[in-house]
Structure formats: C-alpha cells, structure tokens
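Here is what each chain is made of, one letter per residue.
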Amino acid sequence: MPDATPFHLGPKAAEIISLDKAVISPAYTRDYPFVMHKGEGAWVWDPDGNRFLDFCAGIAVNSTGHSHPKVVAAICDQAKRFLHMSGTDFYYDVMAQLAERLAASAPGPSPKKVSFGNSGAEAIEAALKLARHSTGRPYIIAFHRAFHGRTYGAMSVTASKSIQKSRFSPQLPGVVHAHYPYAYRDLFRQPNAYATADACLDYIRSHVLKHLVPANEVAAFLVEPVQGEGGYVVPPASFLMGLQTLAKEIGALVIADEVQAGIGRTGKLWASDWFHSAGDANSSAPRVPFEPDMIASAKGLASGLPLGALIAKADVMTWPPGTHASTFGGNPLACAAALATLDLLDESLTHNSLMMGKRLMQQLTALRKQSPVLAQVRGLGLMIGLEIVHDKQSRMPAPALRNQIVQRCFERGLLILGCGESSIRLSPPLTINEAEVDQAVAILSEAMAFVGQA
C-alpha cells in the first residue's frame, strides 16, 4: 500500500538541484524534484535514501530495469576488450552481430540491413535521408501529435507541441502533416471527421495528395505504430494497413517510428507486429501483416546506453559508402548491452511485458469505473496511457489535474510522467512483477481520489 508519509526533499538532493539550476540548460523539463542516485530493477533511490517505484524507466529506456546484472556484465566484458573503434571505418563483432539480430527480428520476410546512430532522433534523421535517397522524391507525410525528436529533421516532422519549434524556423522543407486516429478525443470534438481510420486515410487521399503534394513526389509516410508523446494512442489496425496499401499505390515508403514503442514494450518485440489485415472469414487466405519499409529504434534497445538503429529493407538501404554514418553509432559498449537486452527479451521479458500489461490494464480498467477523472485506459503491453478529464460527460481535457496526479504520485513514491494533452503514460521496466503492479495502481488510485476531492 502507498506510504502515508509525504515526501520531503532532502538536503543532498536539494544541493544537486541547486547546482543543476546554476549550470544546466534551462530547456530541460523537470516535472518534479526527483534526483537519481541508484537503481535496481524497477526501484530507484535518491541521495537522501528515499525509495521510489519507477514507472517511467528513463522514458521507456531502461527496458531490462535499472542495472540488470546481465547487461552490466556484458558492458564490463566489452569494456575490457575495447571501448571504441568507429564502425563507420572499421569492423568489429558486436556491431555485426547486433545488426544480424535486428535484421532477422524485423517484421516481414524481406531481407533487412541496419544503420546505427546514437539516439531515436538520429534514427529518424537517417530514415528521412534514406527515404529521399532511395525514392528520389522530396516529400515526407507525418502525423499530428507525433514526436520524432529535436534535431532539425526530426523536429520538422514533429507535430506535438509548438514550443518544440518556437523560434527554430526555417525547418526542413517538404514536410506535410496529416491526421492520426484518436477516437476518444476526436469523435467528441467539432469537427469530428478525423477520429476513424477511414476518415484519416480519406483525408490523405482527398486533401493531402490532391491539394498539398503530388502523389508521385511523396518519398515516405512517417508513422508511430503507437503514438508516444502524443498520448500513448493505439490506432486501429486498418489505419496502418491502409497506409501501407496507399504507400504501395503511389510508390512511397512507410517508416515506422518504434523508438518508444519497440523492443518488447508492447508485449511483442516490435509494436508493428500487432497489426495486420482483418482477413476474410470466408477465405483461407492468410492475413497480411504490417511490414514497414523502415523501422527506427532506440530508447530501450540498449537498456540505458545511447544507441539508435535504422532497420530497412535491403532493397531500400542501397546508399553508397560515405552517404551516411555516425562516429559513435554502434558503439561497442552499447552494442554489447543491446545484445544482452535482446537475450533477456527473448528469454522472458517480452512475455512478462504482455502478462504484466494485462494485469495492469485489468486493474486500471476497474479503477476507471470508480474514478471520476480517469476517462480511458488504453495501450499494449507495458505501454499504457490514461486519459484524465474534468468530467467524463464533457470529456474536457484536464492537463492541470493530470499534473497534480503526477505530483501526488511522486510524493507517495511512484514515478510517472504525462504525455499528450491530458494523459498519463505508464512505461515501467519490463521486469516488473505482480506486487509492483499492484503497488503502482494503489498509489495511482489514492492520487486520483485525493485530487478529485481537492
């Protein structure tokens, strides 16, 4: 059960925060004053000894929990051999081995190749470059509420918060944004035409391709199989399948941004693996899977070490030497950590994500029936979004209320973060157990009840 003792900032944490404010960029966002000192599994401690249950996982990065011993051992073993020997100019085993694992794991039967960088934003930058290089076309169609990163290309395809683009123009040309289905919000708003998969796809066909960009000049659609920063929104399978069909019709590519949704987070290695055509009940024909031409990965890939990867069909990744590379991309330590991460996912953690996600969803669904502010629970595996509202009848977004819940949870020993306009994201380590799920829900329940009565 939640600890009834309110959190008080200790002197050691306060000293670090004071130093941080003096020397660190003010552009960083900090929702509450947690100072990381050490971590183990799903638990973290601040320097004054306060313990917290971590349902952020470094923003979905610590996929195997904090300092998993097998990941730490892999990093130490690699560090004893060598720390760096740029894979852009030389060869080494762990980079090739990791590329082989990722290429084999990607959805669909097409042979794949891999390009490494240091982050999700770098993976997106590589995808944008490769899409234009492979097709010879200029335009990228991305989606509203999407977040893809803060470098110039990634920022340009982002449509999450205006502050992320404020005073940074001109941005990358040739980017157009279309609608992404978010039924809970858009069905209730006026106009409400873009809440369904069919409506969003029709908008691209009837508006974007007729009035904004020529179909034969579209290089790629850039889409999150599950929107991350936009609210942890799961689209209908028909949306992604329809996008795949449309891309083939016009000769464009599909780039799946799985930076946040991939690496076991949704209960499958890739979120893309959840989506396929509905099929015909009267036919024996197999269902068609969603098979992106490229997948951008990072975050949980190396359990906390900086690593990004672009996985692309081999007949798409045909750019010649010197076209694209990164000095630190595929760093040996990060690759060793990623190989250990994939081993752990294969052994148990992807399945655990699925099972603990089901338990979490069941308890949160029950909580939704009791709470006047929790309007919707959605997600896959351990990528779960909670829609917070002032009241369920009006569906009015309640960002201030959401922020109060986040703060209250922190004060009671649970680390969570917001996302979207008025949502909470739950992205714990994939190692969590039943007791930790139960404790997190108990704290959330208390926080929502407290805020609802305030």
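As a reminder, the structure under discussion sits directly above these lines.
Residues numbered from 1 in each chain as written. Predicted model: local features only at pLDDT ≥ 70, side-chain atom pairs only at ≥ 80, totals over all residues. Heavy atoms only, no water.

Moving on to the sheet that holds strand β2 (residues 43–45). Across the sheet, 4 strands lie side by side as β1-β2-β3-β13; this open sheet has mixed pairing. Single-partner strands in this sheet number two, and they are β1 (38–40) and β13 (414–415). Bridge analysis of β1 against β2 gives 3 bridges, and the strand direction is antiparallel. When the sheet's bridge partners are listed, G39 is paired in β2 with V44. (Pairing = 2+ DSSP bridges. Helix = DSSP H or I, 4+ residues; strand = E, 2+ residues; numbered from the N terminus.)

For helix α4 (residues 93–105), spanning 13 residues, the distance from its first C-alpha to its last is 18 Å, which sits close to the expected 18 Å at 1.5 Å a residue. Taken residue by residue, α4 has V94, M95, L98, A99, L102 and A103 as its buried positions. End-on, the buried residues of α4 take up no more than an arc of 160 degrees, which puts them together on one face. Residues of α4 that are exposed and angled more than 90 degrees away from the buried face: E100 and A104. Contact partners of the buried residues in α4: α3 (69–81), β4 (112–117), β10 (308–313) and α10 (332–370). (Expected span 1.5 Å × (residues − 1). Buried < 20%, exposed > 50% of the residue type's maximum accessible area, 1.4 Å probe, protein only. Arc of directions from axis to C-beta. Contact = heavy atoms within 4.5 Å.)

Moving on, we come to the pairing of strand β3 (residues 51–54). Pairing of β2 with β3 involves 3 bridges; the strand directions are antiparallel. Opposite V44, over in β3, you have F52 as the bridge partner.

Once that is clear, we can look at unusual backbone geometry. With omega at 5 degrees, the peptide bond leading from S169 into P170 counts as cis. Turning to its location among the elements, P170 is positioned in the loop between α6 (152–157) and β6 (175–178). Phi angles above zero are rare outside glycine, and R145 is one such case at about 75 degrees. The residue I263 is not glycine, and still its phi comes out positive at about 60 degrees. For I263, the location among the structural elements is in the loop between β8 (253–257) and β9 (294–297). Overall, the relative accessible area of 2% leaves I263 in the buried class.

Our focus in this paragraph is the side chain of S303. Relative to the assigned elements, S303 resides in the loop between β9 and β10. Side-chain polar atoms of S303 contact the side chain of T64, separated by 2.7 Å. Reaching out from S303, the side chain makes a polar contact with the side chain of T341 at a distance of 2.6 Å. Discounting chain neighbours no more than four positions away, the residues touching S303 are V61, N62, S63, T64, V71 and T341. (Polar contact = N/O pair within 3.5 Å; in protein donor to acceptor, adjacent residues only side chain to side chain.)

By way of backbone hydrogen bonds, the strands of a sheet pair with one another, either parallel or antiparallel. Ordered by their spatial adjacency, 4 strands build an open sheet running β11-β12-β15-β14, and the pairing between neighbours is antiparallel. Of all strands in the sheet, those with a lone pairing partner are β11 (374–380) and β14 (417–419), marking the two edges. Looking at each pair of strands side by side, their axes are set apart by 30 degrees on average, direction ignored. α10 contacts β11, β12 (383–388) and β15 (423–426) of the sheet and is inclined by roughly 170 degrees relative to β11. (Axes fitted to C-alpha atoms, helices over the stretch in contact; angles between N-to-C directions.)

It is worth spelling out the environment of R378 at this point. Tracing the chain through its elements places R378 in strand β11. Accessibility expressed as a relative area gives 8% for R378, which makes it buried. Spatially, the C-alpha atom of R378 lies 28 Å from that of R205, the residues being 173 residues apart in sequence. Those residues in contact with R378, other than ones at most four positions away along the chain, are Y182, G231, Y232, V233, M361, M383, I384, G385, E387 and S423.

Our focus in this paragraph is the nonpolar core. Within the largest apolar cluster, 77 residues are counted, with the highest numbers of intra-cluster contacts made by L102, L364, L386 and L426. Counting residues per element, this core draws most heavily on α10, at 15 residues. Not counting chain neighbours up to four residues away, the residues in contact with L426 comprise F55, Y232, L360, L364, L382, M383, I384, L386, I416 and L444. (Core = buried A, V, L, I, M, F, W, Y, C linked by side-chain atoms within 4.5 Å.)

Under the defined criterion, the tally for this structure stands at 7 aromatic pairs. The interplanar angle of 75 degrees and the centroid separation of 5.2 Å between the aromatic rings of F34 and F52 together place this pair among those described as edge-to-face. With F34 in the loop between α1 (11–23) and β1 and F52 in strand β3, this residue pair connects regions lying 18 residues apart in the sequence. A relative accessible area of 21% places F34 in the partly exposed class. Residue F52 is classed as buried on the basis of its relative accessible area, which comes to 2%. Aromatic side chains F143 and F239 sit 5.6 Å apart centroid to centroid with 80 degrees between the ring planes, which places their arrangement in the edge-to-face category. Placement of F143 in strand β5 (residues 139–143) and of F239 in helix α9 (residues 237–250) is noted, with a sequence separation of 96 residues between them. For the pair shown, F143 and F239 are each scored as buried. A network of ring pairs unites the aromatic residues Y32, F34, F52 and F410 as a single cluster. Between K38 and the ring centre of W45, over which it is positioned, the NZ or CZ distance is 5.1 Å. (Phe/Tyr/Trp six-rings, centres within 6.5 Å; stacked < 30°, edge-to-face > 60°. Lys NZ or Arg CZ within 6 Å of the ring centre and 35° of its normal.)

For the rest of this paragraph, the subject is the environment of L364. Residue placement: L364 occurs in helix α10. As a C-alpha pair, L364 and L374 span 10 residues in sequence and 9.0 Å in three-dimensional space. Among all residues touching L364, those that are not within four sequence positions of it are L374, V377, I384, L386, L426, V441 and L444.

Under the criterion given, the structure shown has 13 salt bridges. Between D93 and R81 there is a salt bridge; the shortest N-O distance is 3.0 Å. Remark: R81 occurs in helix α3 and D93 occurs in helix α4; sequence separation between them is 12 residues. For R81, a relative accessible area of 47% gives the class partly exposed. Between K313 and D293 there is a salt bridge whose closest N-O contact spans 3.1 Å. With a gap of 20 residues between them, K313 in strand β10 and D293 in the loop between β8 and β9 connect regions that are remote in the sequence. Judged by relative accessible area, D293 falls into the buried class, the value being 13%. Overlapping salt bridges, with partners in common, bring together R101, D343 and D346 in one network. (Salt bridge = Lys/Arg side-chain N within 4 Å of Asp/Glu carboxyl O.)

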